[in-house]
Amino acid sequence: MAPERPYPRRDVSEDDAGRLWNWARNSTLADASALVTASSELEVRSLLASRPGRVRLVGSRMSAGRMLAPGGSSGAEVLLDVRGHRGLLAHGEDWATFAGGTVLQDVYDALARLGRMLPSSPGVIAEQTLAGALATGTHGQGLQQSSIGDALLSLRLVMADGTVEEFGADHPWFGALQVGLGTLGVVTAVTLRTVPVAVYSCVKGATGAETLESDLLVWNRGHEMAKAWWFPDDDQVHVWTAQRASTDEVAAWEAGGRQLVERTETSDAMNRAVDAALAHMRADTRILDAQGKPFRTVTRFKDFSDVTGDVYQVFMRGIATPQINVEIGVPLDRAPAVVEKIRAWHAETSPHLHYPIILRATGPSRAWLSPSEGGDTLYFGFVVYYAEDGSLSADGVDFLVEVEKLLAAEGGRPHWGKYFDDALYDWPALYPRWEEFAAVREALDPERVFGNGFTDRLFPAAASRSEVAA
Ligand SMILES: Cc1cc2nc3c(=O)[nH]c(=O)nc-3n(C[C@H](O)[C@H](O)[C@H](O)COP(=O)(O)OP(=O)(O)OC[C@H]3O[C@@H](n4cnc5c(N)ncnc54)[C@H](O)[C@@H]3O)c2cc1C
């Protein structure tokens, strides 16, 4: 019997075969007839008031299928896409309200026009919806900030019966709503704190990985933001550290029309490690186009230079291309020990590395189910890109499977919107407020209208859930 595949192939045909897929096209979610779209809160309310059965909410569908597929219980199922309800709804001096279906790029652009930005740094792409990003704890980097949900001031939710409730930051359940896993209600409006646009100077470097354990702490604690890519095969690290730009640097950025300023001096210090990584990626993906998207995510580390720009220009450099992406957070003070374990495992087994290990940290999150809940957190990120024919490198996947086991054994918490093996995690043990979240979920959606197969496994029906204060 063929071994069970932990990650599915992606469908590369153009034919949806009457099914709805997630963005990566590695999971079918429902029959095409299950899709319902809404372009206003009123439409969401009337749909729910008609008691349509189970409703799973979708944004840009960039999460793994388990977060999106309806199902899990009998009865009608609806996939509700609220991307039609989008845009800036209102703003004040230090806040802005957006419709839940607004894509992050539109949030960032609208704020930039106001000379503002979010106090939470962005992830690498901005195609996600605001509601989708909030539901999964989407984050960027920097110890002085945390996930996008930590910029939340209030949230409007359409409940399973079609009524609307608004929750402010002083509500006792707010920590549940900041990362809600799509289980609490339909997020229709989101009010976020904003701060003036800041300009950053990002210094890029290459260094040996021998002292990564201590370097990680220095980079993250000594700078407003840091991000690193560890190439264990070559014992090298590419690191970016960002601080507020000097007056002269800001002036140069302004003079260039507020576009990213790249220094002319470049460094070729990463070129050898990048070429080795590219050779693996080419062999794994069999993509012939040397400019293919997966390759561009790593070729940018060749001949790198320091840059000045706003936080989006500096850090939102990702190229959305289908991949299996595993990202696990561990408390920052335990990260050096985890690096040491990965190093020892790598030395012992020489696993096949498809892409460098991505390292970024955030400060504590107030969201009960954020992997950053409770303290400074270092995220270890691993990527395997899909091959042209929709397959995944078996060696690349083996790497993911083994490294995830290692991180789970260290108490790691996986990113909800990415890929993970849920059998590895004891959720109530990982999250001190797990039971409280379960009780809020039960109180807001007792009939589990917004649940699906995965969330039913997470929150098995309990005859007597503890009551929560409202
Ligand atoms: C290429 C790529 C790069 C990424 N980079 C990063 C990164 O840098 N940092 C990071 O942290 N993450 C990153 N992610 C993960 C991504 O941010 C999450 O998967 C995010 O949830 C996707 O948003 P979405 O709009 O596609 O939501 P979907 O995947 O459509 O939905 C996610 C969850 O939100 C729920 N939901 C959707 N709409 C609503 C609503 N209106 N109300 C309530 N719940 C709702 C859904 O039910 C589901 O549970 C990346 C993913 C990809 C594919």
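Everything in this summary refers to the structure shown in the same document. The shown structure was predicted, so the numbers you read here are calculated from the model rather than taken from an experiment. (Residues numbered from 1 in each chain as written. Predicted model: local features only at pLDDT ≥ 70, side-chain atom pairs only at ≥ 80, totals over all residues. Heavy atoms only, no water.)

Thoughts on the sheet that holds strand β6 (residues 88-92)
Rules: If DSSP finds at least two bridges between two strands, the strands pair. Counting from the N terminus, the helices are DSSP H or I runs at least four residues long and the strands are E runs at least two residues long. Note on method: axes are straight lines fitted to C-alpha atoms, helices fitted across the in-contact stretch only, with angles between N-to-C directions ranging 0 to 180 degrees. We call two residues in contact when some of their heavy atoms are within 4.5 Å.
The strand order across the open sheet built from five strands is β6-β7-β11-β9-β10, with neighbouring strands paired in antiparallel fashion. The sheet is open, and its two edges are formed by β6 and β10 (164-168), each paired on a single side. Going from strand to strand, the sheet's axes swing by 15° on average, the running direction of each strand aside. Direction of pairing for strand β9 (residues 152-158) relative to strand β11 (residues 186-193): antiparallel, over a ladder of six bridges. Bridging across to β11, Leu152 finds its partner in Leu192. Those strands touched by helix α1 (residues 41-49) are β9, β10 and β11, and its axis lies near 45° from that of β9. Along the sheet, helix α2 (residues 104-113) contacts β6 and β7 (95-99); its crossing angle with β7, the most-contacted strand, is approximately 145°.

A few points about the pattern of salt bridges
Put simply, the test is: The term salt bridge refers to a side-chain nitrogen of Lys or Arg lying within 4 Å of a carboxyl oxygen of Asp or Glu. Throughout this description, buried means an accessible area under 20% of the type-specific maximum (1.4 Å probe, protein chains only), exposed means over 50%, and partly exposed covers the range between.
Taken as a whole and judged by the stated rule, the model has 27 salt bridges. Put simply, Glu373 and Arg413 hold a salt bridge, and the shortest N to O gap is 2.8 Å. Note that Glu373 is positioned in the loop between β19 (357-362) and β20 (377-385) and Arg413 in strand β21 (residues 413-414), a separation of 40 residues in sequence. On the accessibility criterion, Glu373 (17% relative accessible area) is buried. Here Lys405 ties to Glu402 by a salt bridge, and the two come within 3.2 Å at their closest N and O atoms. Placement of both Lys405 and Glu402 in helix α11 (residues 394-409) is noted, with a separation of three residues, approximately one turn of the helix. Judged by relative accessible area, Glu402 falls into the partly exposed class, the value being 35%. Salt bridges sharing partners connect three or more residues here, namely Arg54, Arg441, Glu442, Arg448 and Asp456.

Observations regarding the sheet that holds strand β17 (residues 307-310)
With respect to topology, nine strands assemble into an open sheet ordered β16-β17-β13-β15-β14-β19-β20-β18-β21, the strand pairing being antiparallel. Every interior strand has two partners, whereas the edge strands, β16 (261-262) and β21, have only one. Bridge count for strand β18 (residues 323-331) against β21 is two bridges, and the pairing is antiparallel. Paired with Gly329 across the two strands is Arg413, which belongs to β21.

Considering the packing of helix α10 (residues 335-349) against α11
Think of two packed helices as two axes; the pair is described by the angle between the axes and how far apart they sit. Put simply, the rule reads: Any angle from 65 to 115 degrees is called roughly perpendicular, while one under 35 is roughly parallel, one over 145 is roughly antiparallel, and all others are oblique. Take the far helix as your reference; a near helix turned counterclockwise from it by less than a right angle gives a left-handed crossing, and one turned clockwise gives a right-handed crossing. For this classification, Asp, Glu, Lys and Arg are treated as charged, while Ala, Val, Leu, Ile, Met, Phe, Trp, Tyr, Cys and Pro are nonpolar and the rest, including Gly, are polar.
Relative orientation of the contacting elements α10 and α11 amounts to 140°, with a least axis distance of 11 Å. Regarding the angle of α10 to α11, the classification is oblique. The interaxial crossing formed by α10 with α11 has right-handed handedness. Across from Val338, Lys341, Ile342 and Trp345 in α10, the residues of α11 making contact are Phe399, Glu402, Val403, Leu406 and Leu407. Of the residues assigned to the contact of α10 with α11, the class counts are seven nonpolar, no polar and two charged.

Concerning the site of the ligand
The following threshold applies: The cutoff for a nearby residue is simple: one of its non-hydrogen atoms must lie within 4 Å of the molecule or strand. A 3.5 Å cut-off defines polar contacts: any pair of N or O atoms within that distance qualifies, except that in protein one atom must be a possible hydrogen donor and the other a possible acceptor, and neighbouring residues in sequence count only when both atoms are side-chain atoms. Per-residue and other accessible areas were derived by the Shrake-Rupley procedure at a 1.4 Å probe size, with only the shown protein chains allowed to occlude residues.
If you check the shell around the ligand, you find 35 residues, and the closest are Leu57, Gly59, Ser63, Thr129 and His139. Measuring from an oxygen atom of the ligand, one finds a backbone N or O atom of Met62 at 2.8 Å. Compared with its free state, where it exposes 980 Å², the ligand has 98% of that area covered by protein. For the shell around the ligand, the secondary-structure elements that each account for two or more residues are β4 (54-58), α3 (130-136) and β11. For the shell around the ligand, the leading source of residues is α3, giving five residues.

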